[in-house]
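Each chain is listed here by its residues.
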Amino acid sequence: LLRPVDGGWGSWSAWSQCSMSCGTGVQRSERECDSPLPKHGGQHCLGKRDRHRTCNTEPCPGGVGYREALCKEHNDDYTVPTNDDFISYLNFDPCQLYCMSGGIIITIGTSKLPDGAPCTSPGSAGVCVGGDCVSVGCDKQLNGTSYKDRCGKWCGDGSSCHQISGEVREAVFREDNYTYSEVLTIPKGATSIEIQEITPSPNSYIAMEGPSFSLNLNLFVKSANLQELLLGRVLWLYERPLNASEYLKADGPSTENVTISILTVGSSPGLRYKFYVPLNDAESVRYVWHYSNWSGCSVQCGLGNQTREVSCVRHTSGSKQVVNENLCDSSSKPQSERTCQTPFCGWIVSEWSNCSSHCGEGMQTRTVSCHSNGTIVEVWPDSHCDLTAKPSSLKQCDNLPPCHSYQWQYSEYGECSASCGPGMQTREALCAKVTHGGEFVDFVPESFCEANATNSPRGPITQTCQMHICKWMPTGWGPCQATCGLGMMTQELACSMREMHGEQWKQVDSNFCNGLDQPALEKECQTHTCNWTTSGEVGPCSAMCGEGVQAVDYHCIRIPVEADALASPVELETIDNSFCDVIQRPNTRNCIAEPCENFHWYPSGWGKCDALCGEGSQSRTVVCQHKNGTQVMDAYCQSEPRPTSEKSCTSVCQWVVGEWQPCSAVCSQGTQSREATCVEEATQNEVDKGFCAESSRPSLQQTCHAEPCENFNWISSDCSEVSSCS
């Protein structure tokens, strides 16, 4: 068997060219799982195949963003109701290009934006990488974290803008119903915008208007629920909570000048506002437009006009001075006149009176008056309503009968033209002169009634009729003409008749049913099915375990079709095998012996390596056993692979040395020796020294040093004593 080889990563490739020339692009590097390649079932490399990093992170020159530039390229590709340029629109997919013009949003292409295209991931700035938006930190690195400051700048310190805040309480606004008062203009480019009622009020609403959108204008107000509103390409948060102050919030920046107004249904507590503008804008706001409150509506109901004074004011050192209008931005000058709408006035009419005459000609009258439809319905002079649309208060009566009239009168219908089935019957129509009260005067020529046809047209003088119903009725089906399987059965028909509203049928001559649809005279039938069945004689199963086949003796039987629906057993009839010839006769059937899962291979432990030293082999016994421990023939374990019964082995032989013998010299230098034997490593049994390499045999002799001989001297004694060395 080949050993599995796990894969290993190769070296990273060089970084690709930066995807953007400025404004933060992306570079890519790859590696392959080829050092080595995974083989023979080995694992594939773990980890990522590619990596990315940012590049060219310096800001791009100019004020047009990457997405804006792409959208402008498609200005001539699509037709929209307005002539506005396409602008970028951020949708739910941050790496798909969406462009908007005149409220129309179009998806540009089906592919994702290229790597490095700017996007916004949740709570952080980012760039597109492989079609996904990946965050870019304040350190310009991928998968970092970033934030927006109050000026709307990513990773800013809030020093690039100036706060503008205050409250609007003056005059508590007009107490007229349905009055709009402009209180504030938020300039283009403002960020961190917050507008809120000073105290909760049920009598006023915050309204907002820009060149491309409006909120709560023309007496149409949003529901009180918390809502996210995309207005002027800016996401606004609007809510009018119960028992809390109404508010508007937006992170910005605003894309156009926004006018804030208050719709008063009574009095208003005023507004508190706060927003930030770029420092260069804050320093240049020295000439601003001032305006008074709107005058009352020029009409008491319906559409009218309102006016106000608008002047240019110079702000210096806390003082205000009215100056020439040319010093203020004319494009942001507030309106000095607008239409207004008070509760609508309309014409109210009563029901028409009864006609002044019962016949001939007459007149009807009704009352027409001018009413307001506000909270309190009031009657106003006619001049407050549109006189050109005033309904008429007088009209001629419609459809008055003449004081003498002419009517058609009819005889009874005659007999039906058909005895059985549909026919026709006729009646006579005569023109009669009657009084206004409907009393008959005399018969007159038909021309008198025909001249009055619009009021009393002549009715039909013929109609369809049917006295009896006839149909073919079957007498009953005969027996099926097949021993088994599909056959045919026939039936006879009889013509039957009953009265139109009767219930009893009677048999009549077949001529009455001529031309009528007949039921089928024959149809397919099946009373018995034929099939092969076993006689009970079967052969042994071909499998020792699991599924196999066995030989079976079959013969033909006849089974009633209704047998499946009967509760009691049905006697099966054995018939000639020729009736079953149309069905393939089986010779075998499936059989199941004891499940193969009950039999497994059981190997013994490995025996000794047959080589005394070096490469050899070792074996073991492998037997098939039942799960109860009984050994059976190997064929019972055929469903699983048989474990190997032999494998290669290696026996290692090495030198083992004994202890060193005592030194050969009593003093000074001598030699000492030791024994070396060759042993098998696993058993530690001694073997012939030829199995161990002579080159690896340890040294058997070494130099040894005893105590120096100078330490030993001869000592003499008396002659009576034996001399000795000590």
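Residues numbered from 1 in each chain as written. Predicted model: local features only at pLDDT ≥ 70, side-chain atom pairs only at ≥ 80, totals over all residues. Heavy atoms only, no water.

**Here we look at the sheet that holds strand E29 (residues 404–410)**
Move 1: If you trace the three strands from one edge of the open sheet to the other, you get E29-E31-E32, paired in antiparallel fashion. Each end of this open sheet is capped by a strand with a single partner; those strands are E29 and strand E32 (440–444). Going across the sheet, the axis of each strand differs from the next one's by a mean of 35°, ignoring polarity.
Move 2: Bridge count for E29 against strand E31 (residues 429–435) is seven bridges, and the pairing is antiparallel. (Pairing = 2+ DSSP bridges. Helix = DSSP H or I, 4+ residues; strand = E, 2+ residues; numbered from the N terminus. Axes fitted to C-alpha atoms, helices over the stretch in contact; angles between N-to-C directions.)

**Concerning a nonpolar patch on the surface**
Move 1: Together, Leu430, Phe440 and Phe443 give the surface a local cluster of nonpolar side chains, amounting to about 270 Å² of exposed area.
Move 2: Looking at where Phe440 falls in the secondary structure, it is placed in strand E32. (Patch = residues over 30% accessible without salt bridge, like charges linked within 9 Å, V, L, I, M, F, W, Y side chains within 5 Å. Areas by Shrake-Rupley, 256 points an atom, 1.4 Å probe, with all protein chains shown as cover. Salt bridge = Lys/Arg side-chain N within 4 Å of Asp/Glu carboxyl O.)

**What about the sheet that holds strand E45 (residues 631–632)?**
Move 1: Pairing is antiparallel across the open sheet formed by three strands, whose spatial order is E42-E44-E45. At either end of the open sheet lies a strand with only one pairing partner, and these are strand E42 (599–603) and E45.
Move 2: Bridge count between E42 and strand E44 (residues 622–626): five bridges; the pairing is antiparallel. Of the residues in E44, the one forming a bridge with Pro603 is Val622.

**Some words on the state of the cysteines**
Move 1: Using the criterion set out here, one finds 21 disulfides in the structure.
Move 2: Disulfide pairing is shown between Cys355 and Cys397; the S-S distance is 1.9 Å. Here the S-S torsion is close to 115°, and the disulfide linking Cys355 with Cys397 is therefore right-handed. In this pair, Cys355 sits in the loop between strand E24 (345–349) and strand E25 (363–365) while Cys397 sits in the loop between strand E28 (394–396) and E29, placing the two residues 42 residues apart along the sequence.
Move 3: A relative accessible area of 24% places Cys355 in the partly exposed class.
Move 4: Classification of Cys397 as buried rests on a relative accessible area of 11%.
Move 5: Put simply, Cys613 and Cys653 are joined by a disulfide, and their sulfur atoms are 1.3 Å apart. The chirality of the disulfide connecting Cys613 with Cys653 is left-handed, given an S-S dihedral of about -60°. On the criterion of sequence distance, the pair formed by Cys613 in the loop between E42 and strand E43 (614–619) and Cys653 in strand E47 (residues 653–657) is long-range, its members being 40 residues apart.
Move 6: The buried category is assigned to Cys653, whose relative accessible area is 17%. (Disulfide = S-S within 2.5 Å. Buried < 20%, exposed > 50% of the residue type's maximum accessible area, 1.4 Å probe, protein only.)

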